[in-house]
Amino acid sequence: MLEPNTPSPEHSPSHTVNWSRVRTVLYIIGTLVLFVFALDLMITSLQNLSGTAAEAILLATSNPFTALFIGLLITAMIQSSSTATSMVVALVASGSVTFESAIPMIMGANVGTTITSTIVSLGFINKKKEFRRAIAAGTYHDFFNILTVSILFPLEYFNGFLSNLALWLSQNFFSFEPTSSSTRLSPLWTGANPIINFLVESIPSGFLLALISFALLFISILLFRRLISGLLMASSPEKFSRFFFKSTLKSFFWGLITTGAIRSSTITTSVVVPIVAQKIISLRKAVPFILGANMGTTVTAIIAATLGTNSSSAINIALAHFLFNLIGVLVFYPVPILRSVPMAMANGLGRLTIRYRLAGFVYILVIFFFIPFSLIYLNKDSTEVLELNYQKKDFTTGDETSYRIVSKQQIRSQSGQWLVYRRNTIDPDEIFPVYKKNNVLFINKEMVMFKDPGFCWDGENKEGKYQLCVKEVLPTFTVNEALQFDSVYVYTQRYYNNPDSVESTLYVSSIYPIVLQTTRQEKSVVVETRKISAFTRK
């Protein structure tokens, strides 16, 4: 008798399944390694940008409305908020963009990522009833993020709400100094350092390296997204809906988990559009999934930031991204009245598209282009940028050095930063928060008060506790023939641990948030001076 044919062990179904799983795991690991490599290459390339390019990025993001639109436009163009937020983390980690300037970019990225689901909904334009439901499903994500921005952007613009909250969390849950920018993002896998060093030496252009790293970053996320989304969408839409939308809580967490796995809310929210359009589920049932997806999109920034825990600014921007989405969910979902607001706006636009088919296209042009450009134009002069050059002289050694400070201040809120450049003109060595309130100037953690002569108060810095007193107020302070400042306060500073030996004299402008000159004396002998040598408004 002939023996029955049996599959050989090499080709057995279980062997094939196991190999398929191993191949999938290797694919995921490979894309993750590519992601880490691309991110580290991007940080390195940004650090090697020319001073002109770095300054252009700095000035472009100094206006929060411009930064908001940059985040929106980049995300809308590349159709990936994960790539955009990873780029923002890299910019912050490299010192090209300050933490405070990056927050509007993150907000813009959250709005920009919603354009994909809106475009998907326009594909139902030839089916009247389905088109209305598709527009409602596609634009709910838009309105949710737009409403969240409309609440949190003014709070951040005037009071630094998100940045202060993120700083507080980093101070209490991480072990580094959150205001320091001298640290850099360290990659999880350092084996790529020789390759990165070789590329830096072979390609001297930081701009070209940045383009290459951006392409690799985008490809890594695209490959990972394509694999995971293919695994998730292997079943039919009916099975997908029954599995993911059984209950509110389950729907929210599935939206969070799948988006975190795919690293793209673009796909997960776009998948909801045809399901709602075809009445497989209602928009009300889809809302928790969309909100979960909105939370899940923060995973990429957190991964990018926590590759190296020594980069405080990168951690801070990841926390701000998470807080932005979390606060939006807490505001617009638990309370039924507020929950209905973005849904009513989405349904209203859906009904409007039945009467006017072009309403969807007009909506995209107005929300994603006309309004942002208008806000940029109306607020083009909202930020004051000062470039300051200083000369430092050590009378003990006779050494003379120079350094540069770029001061950025929001005119309305009187808040901003000092970017201190000592080693080069590309990377700031330190970034200090600076703001003025009620005739009090705060520089990092130190306070300068504009009071009458004789007024004193206590302070503390790394040298110890001190007393600062107003000595006099000069109507005019002359630096040189071409540089004069009006209304300059002169202060004397004495340390309690050495009151008779060390004394400093500070000259501070009451008009601009800058220190014009510092003279340090030890035992009545001048040992060091720091004096402004050039002043430019940009």
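Please refer to the structure placed before this passage.
Residues numbered from 1 in each chain as written. Predicted model: local features only at pLDDT ≥ 70, side-chain atom pairs only at ≥ 80, totals over all residues. Heavy atoms only, no water.

### A word on the sheet that holds strand S6 (residues 446–449)
Consider a sheet: its strands pair through backbone hydrogen bonds, and that pairing is either parallel or antiparallel. Worth spelling out the cut-off: Only strands that DSSP links by at least two bridges are regarded as paired with each other. For the purposes of this entry, the term helix denotes a DSSP run of H or I that reaches at least four residues, the term strand denotes a run of E that reaches at least two, and both are numbered from the N terminus. In this analysis an axis means a line fitted to C-alpha atoms, helices contributing only their contacting stretch, and an angle means the value between N-to-C directions, from 0 to 180 degrees.
In spatial order, the strands read S6-S5-S4-S3-S2-S1-S12-S11-S10-S9-S8-S7; together these twelve strands make up an open sheet with antiparallel pairing. Each edge of the sheet is formed by a strand with only one pairing partner; in this case those strands are S6 and strand S7 (456–461). Each strand axis lies, on average, 25° off the axis of its neighbour in the sheet, ignoring direction. Bridge count for strand S1 (residues 383–394) against strand S2 (residues 400–410) is eleven bridges, and the pairing is antiparallel. Each bridged residue has a counterpart across the sheet, and for Lys 392 the counterpart in S2 is Thr 401.

### Considerations on helix H16 (residues 312–332)
What counts here: Helix span, as expected, comes to 1.5 Å for every residue beyond the first. Here the term buried applies to any residue with accessible area under 20% of the maximum for its type, exposed to any over 50%, and partly exposed to those in between, with areas from a 1.4 Å probe on protein chains only.
In this model, H16 (21 residues) spans 30 Å end to end at C-alpha, consistent with the 30 Å of a helix rising 1.5 Å per residue. Within H16, 17 of the 21 residues are buried, which leaves the element mostly enclosed by the surrounding structure.

### With respect to the environment of Arg 494
Applicable threshold: Whether two residues are in contact is decided by their heavy atoms, any of which lying within 4.5 Å being enough. Pairing of N or O atoms within 3.5 Å defines a polar contact, subject to two protein rules: one partner must be a possible hydrogen donor and the other a possible acceptor, and residues neighboring in sequence count only if both atoms are side-chain atoms.
Positionally, Arg 494 belongs in strand S9 (residues 483–495). What makes Arg 494 partly exposed here is its relative accessible area of 35%. As for Arg 494 and Asp 458, which are separated by 36 residues in sequence, their C-alpha atoms are 9.8 Å apart. Contact partners of Arg 494, with chain neighbours within four places excluded, come to Tyr 466, Gln 467, Pro 499, Val 502 and Glu 503. Within the structure, the side chain of Arg 494 is placed 3.1 Å from the side chain of Glu 503, a separation counted as a polar contact.

### Structural notes on helix H8 (residues 161–173)
For clarity, the threshold we go by: This arc corresponds to the set of directions leading from the helix axis out to the C-beta atoms.
Taking 1.5 Å per residue, 13 residues should reach 18 Å; H8 reaches 18 Å between its end C-alpha atoms and fits that length. For H8, the full list of buried residues reads Leu 162, Ser 163, Ala 166, Leu 167, Leu 169 and Ser 170. For H8, the angular spread of the buried residues around the axis is 160°, confining them to a single face. For H8, the elements touching its buried residues are helix H5 (99–112), helix H7 (128–159) and H16.

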